[in-house]
Amino acid sequence: MNHVAPTPEPLAPGPELERARWIAFRYVIAATVILGAAGILGVIMRDSQAGVDRVPDGWFYAIMTAHGLGAFVGWAAFAVMGFAFWVLAQVGFPLTRTAARLADAAWWLMVLGVAGVVVTCLGFKFGASWVFLYPLSFHGAGQWGRWTSFFFSGSVLLAGLSIVVWCLSILTVVLGPALHAVKRSIPNRVGVAIGLGYLAPRRFATNPRPVPYPVIPLTVIALDMIVATLPLAVLLVEMMVQSLTPSVHVDPLLAKNVLWWFGHPVVYLLLFPAVAMLYQLVPKYAGRPLVAGNVISIGWALAVVVNVIIWAHHIYIDYPSGSPQAAINTAMQPLTFSITIVSALSLYSLFFTIYRSRYRWDAAGAAMFLALVAWLLAGLSGVVNATIAFDQVVHNTLWVVGHFHQMALLMIGFVIFAGVYAWLPDLIGKPLYSDAMGRVHVWLTFVLGTANSALWLWQGLHGAPRRFAVLPHQYDNITQAGVPLAIGLGLTQILFAVNIVQTLRGKGVGRVADPKRSRRVVLVALAGGLALAGGSFGWAAGTEATKAWAGSAASAPAGANPALAAGRSIFTSAGCSGCHTLAAAGAHGTVGPNLDQKKPNLALVIARVTNGGKVMPPFKSSLSATQIQEVAAFVVASEGNG
Amino acid sequence: MGRIALIIAVSYGTVSVLAIVFLVWVGVSTRGNQPEPDLRKIGEREKTWFAVVVVLLAVLLFSTILFTPYGRSAGKHAQIEKIKAIQFAWIVPGTPLKTGTPVEFQLTSADVNHGFAVYNAGGKLLFEVQVMPGKTQKYVYTFKKPGTYTILCIEFCGVGHAHMQGSLTVSA
């Protein structure tokens, strides 16, 4: 395991290079358009939570669903999937006609899938947040119906099929003749492509050169995503059927396991191709080969198996009685820990490739370095999630949101930015419009994004739940501190968009700007970003948080009439506020009728509370007849009195 | 912030600061014309780093794995509290709960997944556990102080999710 791979030669000009160029370009442009849309949705959510521009709860969750799938799959995954073809071309792996057809089909499936998600969420208010919360898709509480659920599942299915087809395309390329494997059998070639030749050079022999490092993570993820996605595809078909035929259903615990069987590896659909890009670009920028690339192959041999058997760390706090889930979950902690070794080895190799090199700090170089920083910080917050004893207090809090924005936006996103700045000129044969603008973009985005994630991590440690349209008031000040950061983050992306558009228009002049002057511009931008972040933090720290649960049953004035006070307390504790608006009870629910406007009479309230309505559940088993009388009396007495 | 959250905050904060110091060191090392380091030696040291990572992970594993919430027993004298979750309410029977004696929560859901998260009057998250339709999820907790505790739903359950609150009253 001592031989070091020589730098592989890129493809010679020709139809195969042109194909890779065109495919990568299409993926990246489509993904970047989706980033724009998903980013705007993200800013809307942050502002809404902070009360700057409140959107109704139902719209908040629909936007959340579109933002999550759009940003994660439609932008991050889609972009690195496209760059993967360009990476392969750079290390001499030709995009054959078959592989190009598959890549083309995967592109269309993804575009259609994301379009379906956008239409079902933003057009038809589907708001069940991905599909991981089975059976939530079928319980829209009146917000969305069965056909919407059907088309949403179908759209996700298209995105899933896109991933599978992409995997086939990648496998076609990496297992082809450019691998230079000596043996012909497929299992042996697969072994070569995942880097086993660095561990057992005779058994997985290659001639004349060993497999280039960037090929390894691409092969690993292409194999794993097929294994991970096929069960999901079956479940999505079931969900389409169940949308229309409610009698068909599966066990929710089984469904959850199947969904996370996919849900974990899909994170690595973002990470592993991004790592392949880093393996390719960082050595180029440092002007030396990847340090100890042969050692990282240990990590990849581990990753190809472990990646698909650590799903249940996403469901550590699900362990219903009589199920084996607690035992499964416990086994997941050491397994999940073992996959951090891949990151630990890769980070070591990449950082020491940069160490004391003549590293190029242009926009792409800076973006890559910052991606490595984010990878380390996100990896560490991920170790917290992977530890059951820790996860039990941060699960489903904003800590998780902070963690995955560190990973998806600041790590993967920054590798994508690096890919655009370094390779877009090669893809279209025109120089980059402005490297200085690119550097301002990446440094500013990093500062604001890291500060934004830090707020979420902090709120999560204080128990702030994720996926709340309106957070409890005790979190208000920090939520509001996030607003300037989110807006700043959004505005900074305009620099990225302008740079891309001007580059496409051929406005770049291809000369390097005065390094001193552009360095000053970057430093000013950086200082501005730090000042904004510091100001937001300072403001949050200086504002006293509202005392807990203001407006909840325990602290609100009960009113003069004791009988009505009892009714009010039932109204707030039985969950009526969840769906109805009634100013006298401090309730702002939007699922059911607004009681201040509808002003139902006593008999109707009693009937609805007792037996339920179209969407409303019956309360006769949970509330006594007296309690129902009391709550109804309170509602009728308070209607419109807010 | 709870005790476990504090441990996370301190350890994550410390390790992150150390990581950032290392990163700045790597970044600064590219400035000026420093002589090329011995890359072969650095490559060899990656094996030592590999061993260090394995040891650190093993330490973290063995120091935390006994603190999972699984398999807790409330004993014979437990107070049983059966709570049912529906979109978007907690149906709490209102059994009088006492401090000092373990409470065994038996949680069920009528419709979708919910998350049972209990906060004290100061807004501190005490514990959380998922509630799945068709299953019974148990959680054992002993309240130390009397008072009113707030239940929030911490698993997204639909449009009324953020308003799905309940309360528990615990007396001495």
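Visitor: Just give me the short version of the overall build of chain B, but keep the residues and values in it.
Guide: Of regular secondary structure, chain B possesses two helices and nine strands. Listed by position from the N terminus, the elements making up chain B come as α-α-β-β-β-β-β-β-β-β-β. For 172 residues, the compact-globule formula gives about 16 Å, and the C-alpha radius of gyration of chain B, at 24 Å, lies well above that figure. Expressed along its principal axes, the backbone C-alpha trace of chain B runs to roughly 75 × 40 × 30 Å. Evaluated residue by residue, chain B yields a buried proportion of 50% over its 172 residues. A sequence separation of at least 24 residues applies to 61% of the contacts in chain B between residues at least 6 apart. When the accessible surface of chain B is totalled, it reaches about 8,100 Å², and 63% of it is carbon and sulfur.

Visitor: Please provide a residue-by-residue account of the sheet that holds strand 6 (residues 125–131) of chain B, values included.
Guide: Sheet strands pair via backbone hydrogen bonds, and the direction of the pair is either parallel or antiparallel. Residues and elements named next belong to chain B. Read across the open sheet, the five strands follow the order 3-9-8-5-6; overall the sheet is mixed. Where the open sheet ends on each side, the last strands, each with one partner, are strand 3 (97–98) and strand 6. With six bridges joining them, strand 5 (residues 114–119) and strand 6 adopt antiparallel strand pairing. Bridge assignment links His-114 to a residue of strand 6, and that residue is Val-131.

Visitor: So, the pattern of salt bridges: which residues are in play, and what are the values?
Guide: Taken as a whole, this structure holds nine salt bridges over all chains when the rule is applied. Its salt-bridge partner being Arg-26 of chain A, residue Asp-104 of chain A comes within 2.7 Å of it at the nearest N-O pair. Remark: Arg-26 of chain A occurs in helix 1 (residues 15–49) and Asp-104 of chain A occurs in helix 3 (residues 97–123); sequence separation between them is 78 residues. Accessibility expressed as a relative area gives 28% for Asp-104 of chain A, which makes it partly exposed. Among the residues examined, Arg-26 of chain A registers a relative accessible area of 13% and is labelled buried. In this structure, Arg-467 of chain A engages Glu-155 of chain B in a salt bridge whose closest nitrogen and oxygen atoms are separated by 3.7 Å. Of this pair, Arg-467 of chain A sits in the loop between helix 14 (435–461) and helix 15 (476–504) while Glu-155 of chain B is found in the loop between strand 8 (147–153) and strand 9 (165–171), placing the two residues in two different chains. Judged by its relative accessible area of 17%, Arg-467 of chain A is buried.

Visitor: Pulling in residues and values, what's your account of the packing of helix 11 (residues 363–386) of chain A against helix 1 (residues 3–28) of chain B?
Guide: Where helix 11 of chain A meets helix 1 of chain B, the closest approach of the two axes is 10 Å, and the angle between their N-to-C directions is 160 degrees. Taken together, the axes of helix 11 of chain A and helix 1 of chain B are roughly antiparallel relative to one another. As helix 11 of chain A runs across helix 1 of chain B, the sense of the crossing is right-handed. Only Ile-8, Tyr-12, Val-15, Ser-16, Ala-19, Ile-20, Leu-23, Val-26 and Gly-27 of chain B of helix 1 of chain B make contact with helix 11 of chain A, whose side of the interface consists of Phe-369, Val-373, Leu-376, Leu-377, Leu-380, Ser-381 and Val-384 of chain A. A class-by-class count of the residues in the contact of helix 11 of chain A with helix 1 of chain B yields 13 nonpolar, three polar and no charged.

Visitor: Which residues make up the domain arrangement of chain B, and what values do they have?
Guide: Each domain of chain B was delimited in the assignment, giving domain 1 (3–67) and domain 2 (79–171). The C-alpha centroid of domain 2 of chain B is placed 40 Å from the C-alpha centroid of domain 1 of chain B.

Visitor: I'd like a rundown of the state of the cysteines, residues and numbers included.
Guide: Considering all chains together, one arrives at zero disulfides over all chains under this definition. Free cysteine Cys-121 of chain A: the closest other cysteine sulfur is in Cys-157 of chain B, separated by 17 Å. Residue Cys-121 of chain A is classed as buried on the basis of its relative accessible area, which comes to 0%. Just so you know, Cys-157 of chain B is unpaired, no disulfide at all, and the nearest cysteine sulfur is the one on Cys-153 of chain B, 3.9 Å from it.

Visitor: Describe the confidence of the model for chain A, naming the residues involved and giving the relevant values.
Guide: Do not read the fine detail of predicted coordinates wherever pLDDT is low. With 95% of its residues at a pLDDT of at least 70, chain A reaches an overall mean of 91. Within the model, pLDDT remains below 50 along residues 550–560 of chain A, and this stretch shows nine contacts once partners closer than five positions in the same chain are excluded.

Visitor: Quick one: what's the story with the environment of Ala-233 of chain A, residue by residue and with numbers?
Guide: Note that Ala-233 of chain A resides in helix 6 (residues 215–244). As a C-alpha pair, Ala-233 of chain A and Ala-303 of chain A span 70 residues in sequence and 23 Å in three-dimensional space.

Visitor: Can you lay out the packing of aromatic side chains for me, pointing to particular residues and giving the numbers?
Guide: Counted by the stated rule, this structure contains 49 aromatic pairs over all chains. Ring centres of Phe-105 of chain B and Phe-127 of chain B lie 5.8 Å apart, and the angle between their planes is 40 degrees; this geometry places the pair in the tilted category. Here the residue Phe-105 of chain B occupies a position in strand 4 (residues 103–109), and Phe-127 of chain B occupies one in strand 6, the gap between them amounting to 22 residues. Each member of the pair, Phe-105 of chain B as well as Phe-127 of chain B, carries the same accessibility label: buried. Here a set of aromatic residues connected by ring pairs shows up, and it is made of Tyr-285, Tyr-348, Phe-351, Phe-352, Tyr-355, Tyr-359, Trp-361 and Phe-369 of chain A together with Phe-22, Trp-25 and Trp-49 of chain B. Here the basic side chain of Arg-26 of chain A rests over the ring of Trp-107 of chain A, its NZ or CZ set 4.5 Å away from the ring centre. The positively charged end of Arg-360 of chain A is found above the aromatic ring belonging to Tyr-285 of chain A, 4.2 Å away from the centroid.

Visitor: Account for unusual backbone geometry, with residues named and values stated.
Guide: Residue and element names in this part refer to chain A. In this structure, the amide linkage connecting Tyr-134 to the following residue, Pro-135, adopts the cis form with an omega of 5 degrees. One can find Pro-135 in the loop between helix 3 and helix 4 (146–174). Residue Pro-208 is bonded to the preceding Asn-207 through a cis peptide linkage, with omega at 5 degrees. Counting through the fold element by element, Pro-208 comes out in the loop between helix 5 (186–193) and helix 6.

Visitor: Just give me the short version of the interface of chain B and chain A, but keep the residues and values in it.
Guide: On the side of chain A, 104 residues touch chain B, which itself brings 85 residues to the contact. Of the roughly 8,300 Å² buried where chain B meets chain A, counting both sides, 68% is carbon and sulfur surface. Taken together, chain B and chain A are joined by three salt bridges. The tally of links between chain B and chain A comes to 26 residue pairs in polar contact (both at pLDDT 80 or more). Those elements that provide at least two residues to the side of chain B that touches chain A are helix 1, helix 2 (39–64), strand 2 (89–91), strand 6, strand 7 (137–141), strand 8 and strand 9 of chain B. For the side of chain B that touches chain A, the per-class residue count stands at 49 nonpolar, 25 polar and 11 charged.

Visitor: Provide a residue-level description of the nonpolar core, including the pertinent values.
Guide: In this structure, Tyr-27, Trp-166, Trp-300 and Trp-375 of chain A together with Phe-105 and Phe-116 of chain B are the most contacted members of the largest nonpolar core, which totals 259 residues. Looking at this core, the element that brings in the most residues is helix 2 (residues 57–90) of chain A, giving 22 residues. Beyond its immediate chain neighbours, meaning those up to four positions away, Tyr-27 of chain A contacts Phe-78, Met-81, Gly-82, Phe-85, Ala-103, Ala-106, Trp-107 and Trp-166 of chain A. Formed by 20 residues, the second largest nonpolar core is a distinct cluster that contains Ala-587, Val-605, Phe-619 and Leu-623 of chain A.

Visitor: Can you break down the sheet that holds strand 2 of chain B residue by residue, with the values?
Guide: All names here are of chain B. One open sheet holds the four strands; their spatial order is 2-1-4-7, and the pairing between them is mixed. The outermost strands of the open sheet, each flanked by one partner alone, are strand 2 and strand 7. Neighbour to neighbour, the strand axes of the sheet diverge by 25 degrees on average, direction disregarded. Pairing geometry for strand 4 and strand 7, over five bridges, is antiparallel.

Visitor: Residue-level account of the domain arrangement of chain A, with values.
Guide: Per the domain assignment, the segments of chain A are domain 1 (7–273), domain 2 (358–548) and domain 3 (562–638). Relative placement of domain 1 of chain A and domain 3 of chain A: their C-alpha centres are 45 Å apart.

Cut-offs used in this document
- Residues numbered from 1 in each chain as written.
- Chains lettered and ligands numbered in written order.
- Predicted model: local features only at pLDDT ≥ 70, side-chain atom pairs only at ≥ 80, totals over all residues.
- Heavy atoms only, no water.
- Helix = DSSP H or I, 4+ residues; strand = E, 2+ residues; numbered from the N terminus.
- Rg over C-alpha atoms; globule rule 2.2 N^0.38 Å.
- Buried < 20%, exposed > 50% of the residue type's maximum accessible area, 1.4 Å probe, protein only.
- Contact = heavy atoms within 4.5 Å.
- Areas by Shrake-Rupley, 256 points an atom, 1.4 Å probe, with all protein chains shown as cover.
- Pairing = 2+ DSSP bridges.
- Salt bridge = Lys/Arg side-chain N within 4 Å of Asp/Glu carboxyl O.
- Axes fitted to C-alpha atoms, helices over the stretch in contact; angles between N-to-C directions.
- Parallel < 35°, antiparallel > 145°, perpendicular 65-115°, else oblique.
- Left-handed = near helix turned anticlockwise from the far one by under 90°.
- Nonpolar A, V, L, I, M, F, W, Y, C, P; charged D, E, K, R; others polar.
- Domains from an automatic or database assignment.
- Disulfide = S-S within 2.5 Å.
- pLDDT = per-residue confidence, 0-100.
- Phe/Tyr/Trp six-rings, centres within 6.5 Å; stacked < 30°, edge-to-face > 60°.
- Lys NZ or Arg CZ within 6 Å of the ring centre and 35° of its normal.
- Buried area = accessible area lost by both parts, 1.4 Å probe.
- Polar contact = N/O pair within 3.5 Å; in protein donor to acceptor, adjacent residues only side chain to side chain.
- Core = buried A, V, L, I, M, F, W, Y, C linked by side-chain atoms within 4.5 Å.

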